[in-house]
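# Close look at the chain arrangement
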Amino acid sequence: MAQAIVVRELGGPEVLKMEGVTLAAPGPGEVQIRQVAIGLNFIDVYFRTGLYKSATGLPFIPGKEGAGVVTAVGDGVSMFSVGDRVAYASADGAYASERNVDASQLLKVPEGISLETAAAMMLKGMTAQYLLNQTFKVGPETTLLFHAAAGGVGLIAGQWAKALGATVIGTAGSQEKIDLALAHGYDHVINYRTDNFVERVKDLTGGRGLWASFGNSSGPVDAFNIGILAQKGALYATRPTLFTYVATRPALEACANSLFDVVQSNKVRININQTYPLAEAGRAHTDLETRKTSGTTLLIP
């Protein structure tokens, strides 16, 4: 019997409770894995609170990202074998010690990258990949502003953008997080608690051109008058999601391989700054929501 965090009602971190769950043999097209580590992401909070709706309704097992070792394969699976080291970024039900995953969502982890590192980087790293290489192609002429610079995505994005030659501005809420961001590619980091980041960014850049909103960690974005963009000089706004950019197997593999390459080249270091036992997922969510974490957080089964 596997152990998993099961959400039976929507609400605060207290609804995250460990239970024993019966794990069936993998079905056709599925792979069964023993998980080594599970990535914690703000999207997990959105599902826990009901901001995003679980496709299966209640109850459900949260989580999108993890890594482990293949222990069984279902009929029709040819890409993976027992013993393979694998990871994924967008397969619901990650908060479990063992689980079945659709093989189409899995990727083999290259040698030289640990399973813990893989679990820490798949969702966050591929998010940085599409933002910097697909939503907008960042290069030496780019100046960009990235909020939550010391967060999991932020630390990856800062290093990656700097490797692409960009001038990178970030925001953070404490001196400790500012120092962390400055050590990971950022040229300028603004304390949003004490400084007016809008004015500071104007001073540094003379204006901005594309606004990409890719998350809701500070709450849902309220409706706004899109005409404001024209008044400011025909600016652009977009609301991309990772799952759109990896909707096909070739796109998933291309995005993941780009991430693997930049990590293996040491241009991007993956920070695992916090680990929690899977049973303490509620405490991990509390620390994430109260901005006590930095970099990447893992849950360990």
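Reference entry: report on the structure contained in this document. (Residues numbered from 1 in each chain as written. Predicted model: local features only at pLDDT ≥ 70, side-chain atom pairs only at ≥ 80, totals over all residues. Heavy atoms only, no water.)

This brings us to the overall build of the protein. When helices and strands are tallied, the protein shows nine helices and 14 strands. Here the C-alpha atoms of the protein give a radius of gyration of 19 Å, agreeing with the 19 Å that 2.2 N^0.38 yields for 301 residues. Seen through its C-alpha atoms, the protein measures out along the principal axes to roughly 60 × 40 × 35 Å. Expressed as a percentage of its 301 residues, the buried residues of the protein come to 49%. Counting contacts in the protein only where the partners sit at least 6 residues apart, residues at least 24 apart contribute 70% of the total. A total of about 13,800 Å² of accessible surface is found on the protein, and carbon and sulfur atoms cover 52% of it. With 25 positive and 26 negative side-chain charges, the protein shows a separation of 4 Å between the mean positions of the two kinds. (Helix = DSSP H or I, 4+ residues; strand = E, 2+ residues; numbered from the N terminus. Rg over C-alpha atoms; globule rule 2.2 N^0.38 Å. Buried < 20%, exposed > 50% of the residue type's maximum accessible area, 1.4 Å probe, protein only. Contact = heavy atoms within 4.5 Å. Areas by Shrake-Rupley, 256 points an atom, 1.4 Å probe, with all protein chains shown as cover. Lys, Arg positive; Asp, Glu negative; His and termini not counted. Charge placed at Lys NZ, Arg CZ, Asp CG, Glu CD.)

What follows is about the pairing of strand β1 (residues 2–6). β1 sits mainly inside the fold: four of its five residues count as buried. As paired strands, β1 and strand β2 (residues 17–21) are joined by five bridges and run antiparallel to one another. When the sheet's bridge partners are listed, alanine 2 is paired in β2 with valine 21. (Pairing = 2+ DSSP bridges.)

Within the fold, glutamine 129 resides in helix α2 (residues 115–135). Looking at glutamine 129, the relative accessible area reads 7%, which means it is buried. With near-sequence residues (within four places) excluded, glutamine 129 lies in contact with Gln134, Trp160, Cys255 and Ser258.

So, on to the pattern of salt bridges. If charged atoms from side chains of opposite charge come close, those side chains can pair. By the definition in use, this model includes nine salt bridges. Measuring nitrogen to oxygen at the nearest pair gives 2.8 Å for the salt bridge that ties glutamate 19 to arginine 8. Taken together, the residues glutamate 19 in strand β2 and arginine 8 in the loop between β1 and β2 connect sequence positions eleven residues apart. A relative accessible area of 23% places glutamate 19 in the partly exposed class. A salt bridge links arginine 283 to glutamate 280; the shortest N-O distance between them is 2.4 Å. With relative accessibility at 32%, the residue glutamate 280 sits in the partly exposed group. (Salt bridge = Lys/Arg side-chain N within 4 Å of Asp/Glu carboxyl O.)

The amide bond that connects leucine 58 to the next residue, proline 59, takes the cis arrangement and shows omega of -10 degrees. Mapped onto the elements of the fold, proline 59 is located in the loop between α1 (42–49) and β4 (65–73). For alanine 148, which is not glycine, the phi torsion reads 55 degrees and is therefore positive. Structurally, alanine 148 is set in the loop between β8 (143–146) and α3 (152–163). Even without being glycine, arginine 291 reaches a positive phi, approximately 60 degrees.

Within the largest apolar cluster, 78 residues are counted, with the highest numbers of intra-cluster contacts made by Tyr95, Met122 and Met126. A per-element tally of this core places α2 first, with twelve residues. What methionine 126 contacts, discounting residues up to four positions off in sequence, is Ala89, Met121, Leu242, Leu252, Cys255, Ala256 and Leu259. (Core = buried A, V, L, I, M, F, W, Y, C linked by side-chain atoms within 4.5 Å.)

Turning next to α1. Most of α1 sits out of view: six of its eight residues are buried. Regarding α1, the residues found buried are Ile43, Asp44, Val45, Tyr46, Phe47 and Arg48. The secondary structure elements touched by the buried residues of α1 are β3 (30–39), α2, α7 (242–245) and α9 (281–289). Directly after α1, the chain includes glycine 50, whose backbone phi takes a positive value near 95 degrees.

The final tally for this structure, using the stated rule, is five aromatic pairs. Ring geometry for tyrosine 46 and tyrosine 52: centres 5.0 Å apart, planes at 65 degrees, overall edge-to-face. Residue tyrosine 46 is classed as buried on the basis of its relative accessible area, which comes to 6%. Arranged with centres 5.6 Å apart and planes meeting at 45 degrees, the rings of phenylalanine 146 and phenylalanine 214 form a pair that is tilted. Of this pair, phenylalanine 146 sits in strand β8 while phenylalanine 214 sits in the loop between β11 (210–212) and α6 (227–231); the two residues are 68 residues apart in sequence, bridging distant segments of the chain. Relative accessible area serves as the criterion here: at 8%, phenylalanine 146 is assigned to the buried category. With relative accessibility at 29%, the residue phenylalanine 214 sits in the partly exposed group. One aromatic cluster in this structure is built from Phe42, Tyr46, Phe47 and Tyr52. The cationic tip of lysine 64 hangs over the ring face of phenylalanine 243; the distance from NZ or CZ to the ring centre is 4.7 Å. (Phe/Tyr/Trp six-rings, centres within 6.5 Å; stacked < 30°, edge-to-face > 60°. Lys NZ or Arg CZ within 6 Å of the ring centre and 35° of its normal.)

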